[in-house]
Amino acid sequence: LIKRVRNGEAVQVTVNGDGMLLVPTFVEDIVDVFLASVEQSWMGTVNVATPEALSIREIAELIGQQLGIEPKLEIVRRAPVEIIPNLDRLAERFDLGRFTRFEEGLRKTIGTRCL
């Protein structure tokens, strides 16, 4: 998405105008959860993700704000999809407030990578 916004390419959103709803999680946070799970010997299956759900439109707009570019959106005839895991088991073991907010993770990603 960063590349598409930066290059002026259209970002596809679904008929609701927002697109898929998902939980983009900063990779360093995932590593922190994995380390905690090993250190504390967690057992069973645990979904790992940030509790912050965003739509493709919201993500594209935040990318555009940080790059100083208005994202181009293209509406496609698809129903919106939600990919939001249940984080109850994770919250029992890990402070969800430790996750990096999307805007901060985006800032770090844009600042450290040539995309």
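Look up: the structure comes first, before these words.
All of these numbers come straight from a predicted model, not from anything done at the bench. Counting starts from 1 at the beginning of each chain's written sequence and moves along it residue by residue. In view of the model being predicted, local features appear only for residues whose pLDDT reaches at least 70, and side-chain atom pairs are presented and counted only at 80 or more, with totals across whole chains, interfaces and linings using the full set of residues. Side-chain calculation: all heavy atoms of the structure are included, whereas hydrogens and water are not.

## Concerning the environment of tryptophan 42
Helix and strand assignments come from DSSP, with helices taken as H or I runs of at least 4 residues and strands as E runs of at least 2, each series counted from the N terminus. Among the secondary structure elements, tryptophan 42 is positioned in the loop between α2 (27-39) and β3 (54-55). Distance in space between the C-alpha atoms of tryptophan 42 and glutamate 74 is 43 Å, their sequence separation being 32 residues. There is a polar contact of 2.8 Å between the side chain of tryptophan 42 and the side chain of glutamine 40. Polar contact is defined as a pair of N or O atoms within 3.5 Å, subject to the rule that within protein one atom must be able to donate a hydrogen and the other to accept it, and that residues adjacent in sequence are counted only when both atoms are side-chain atoms.

## Observations concerning the nonpolar core
Ranked by size, the top nonpolar core spans 13 residues in total, and within it Ile63, Phe102 and Leu106 carry the most contacts. Listed by contribution, the elements that provide at least two residues to this core are α1 (2-6), β1 (10-13), α3 (56-67) and α5 (102-112). By the convention used here, residues are in contact when the closest approach between their heavy atoms is within 4.5 Å. For phenylalanine 102, the residues in contact, after removing those within four places along its chain, are Pro24, Glu52, Leu54, Ile59 and Leu62. Formed by ten residues, the second largest nonpolar core is a distinct cluster that contains Val33, Ala49, Leu87 and Phe94. Here, the term nonpolar core denotes a set of buried Ala, Val, Leu, Ile, Met, Phe, Trp, Tyr and Cys residues that are joined through side-chain atoms within 4.5 Å. Note on classification: 1.4 Å probe, protein chains only; a residue is buried when its accessible area is under 20% of the maximum for its type, exposed when over 50%, partly exposed between these limits.

## A closer look at α3
Its twelve residues place the ends of α3 16 Å apart at the C-alpha level, agreeing with the 16 Å of an ideal helix rising 1.5 Å per residue. The complete set of buried residues in α3 reads Ile56, Ile59, Ala60, Leu62, Ile63 and Gly64. After α3 finishes, the residue glycine 68 shows a positive phi value of roughly 75 degrees. By this rule the span expected of a helix is its residue count minus one, scaled by 1.5 Å.

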